[in-house]
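Per-entry structural report
In case you want the letters, here they are:
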Amino acid sequence: MKVDEAMTGDVDVNHFHDAVTRTVDVGGVGIAYREIGSAENIPLVALTHLGANLDNWDPRIVDALATGRRLILLGYQGVGRSCGPIRARIEEMAGDAIKAIRALVHSRIDLFGLSMGGMVSQEIAHRTPWLVSRLILAISGPPVVLS
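Residues numbered from 1 in each chain as written. Predicted model: local features only at pLDDT ≥ 70, side-chain atom pairs only at ≥ 80, totals over all residues. Heavy atoms only, no water.

1. Details of the overall build of the protein chain
To keep it simple, the criterion reads: For helices the rule is a DSSP run of H or I covering at least 4 residues; for strands it is a run of E covering at least 2, with both sets numbered from the N terminus onward. Only protein chains enter the area calculation, which uses a 1.4 Å probe; residues under 20% of their type maximum are buried, those over 50% are exposed, and those in between are partly exposed. Should any heavy atoms of two residues lie within 4.5 Å, those residues are considered in contact.
Scanning the protein chain for helices and strands turns up three helices and six strands. Traced from its N-terminal end to its C-terminal end, the protein chain shows the element sequence β-β-β-α-β-α-β-α-β. Among the 147 residues that make up the protein chain, the fraction classed as buried is 46%. Across the protein chain, the fraction of contacts at a sequence separation of at least 24, relative to all contacts at a separation of at least 6, is 66%.

2. With respect to the packing of aromatic side chains
The condition that has to hold: Stacked, tilted and edge-to-face are the three classes applied to pairs of Phe, Tyr and Trp rings, where Trp contributes its six-membered ring and a pair requires centres within 6.5 Å; stacked means planes under 30 degrees apart, edge-to-face means over 60, and tilted covers the rest.
Taken as a whole and judged by the stated rule, the model has one aromatic pair. Relative to F112, the ring of W57 lies with its centre 6.1 Å away and its plane at 45 degrees, an arrangement referred to as tilted. Taken together, the residues span a long stretch of sequence, with W57 in the loop between β3 (44-47) and α1 (59-65) and F112 in strand β5 (residues 109-114) at a distance of 55 residues. Like F112, W57 is buried.

3. Observations regarding helix α2 (residues 90-103)
The condition is simple: Take the number of residues in a helix, subtract one, and multiply by 1.5 Å to get its expected span.
The first and last C-alpha atoms of α2 sit 20 Å apart over 14 residues, in line with the 20 Å expected at 1.5 Å per residue. Counting buried positions along α2 yields ten of 14 residues, so the element is predominantly enclosed. If you follow the buried residues of α2, they end up packed against β1 (22-26), β3, β4 (70-74), β5 and α3 (116-127). Looking one or two places after α2, you find V105, whose phi comes out positive at around 65 degrees.

4. Things to note about the sheet that holds strand β6 (residues 132-138)
The cut-off we apply is this: Two strands make a pair as long as DSSP finds a minimum of two bridges between them. Interaxial angles span 0 to 180 degrees and are taken between N-to-C directions of axes, which are lines fitted to C-alpha atoms, for helices over the stretch in contact.
If you trace the six strands from one edge of the open sheet to the other, you get β1-β2-β4-β3-β5-β6, paired in mixed fashion. If you trace the sheet from one side to the other, it starts and ends with β1 and β6, each paired once. Going across the sheet, the axis of each strand differs from the next one's by a mean of 25 degrees, ignoring polarity. Bridge count for strand β2 (residues 29-37) against β4 is five bridges, and the pairing is antiparallel. Looking at the pairing, R34 lines up with L73 of β4. Along the sheet, α2 contacts β1, β3, β4 and β5; its crossing angle with β1, the most-contacted strand, is approximately 110 degrees. Sheet contacts for α3: β3, β5 and β6; angle to β5, the most-contacted strand, approximately 145 degrees.

5. Things to note about the pattern of salt bridges
Worth spelling out the cut-off: Here a salt bridge means any side-chain nitrogen of Lys or Arg lying within 4 Å of a carboxyl oxygen belonging to Asp or Glu.
A complete count under the given rule lists nine salt bridges for this structure. R60 is the salt-bridge partner of D58, the closest N and O atoms lying 2.8 Å from each other. R60 gets classed as exposed once you look at its relative accessible area, which sits at 65%. In the salt-bridge network here, residues are joined through shared partners; they are R22, E35 and R70.

6. With respect to the pairing of β5
Each regular strand shows side chains that alternate between the opposite faces of the sheet. Most of β5 sits out of view: six of its six residues are buried. Here β5 shows two buried faces, one formed by I109, L111 and G113 and the other by D110, F112 and L114. Looking at chain direction, β3 and β5 are connected through four bridges and run parallel. Bridging from a neighbouring strand, L47 pairs with G113 of β5. The pairing of β5 with β6 spans six bridges and is classified as parallel.

Written out as structure tokens, the structure reads:
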């Protein structure tokens, strides 16, 4: 797994509008992400709602979340600037996110999930409780299981 630009050290960007979209290679698929804020503490990884890409975040919310910490906005496979086929299951999205977080060399994160991102976040926390320090869910519910 590799990252297309430097993945360590301080993030020089403090505002959403200045953030560069990068990709991290996860099993041959490029997953888009943006980093904002300071690199000094546990990063906050944010996952967005159904049908959204990295451009759909509200800059006011993103800038506030990045105050005093590193914020990583993580895309979904096949959506926006991420490559590969679109995932149909929450479990697949969570697996991709876990691999991307590990590829970005993070061993502990805080996790923010918005709507469907909250469902993905719950699956990440369930699978890798040692990875998630804090879990924040906004406008979310548990994943729906269809049998």
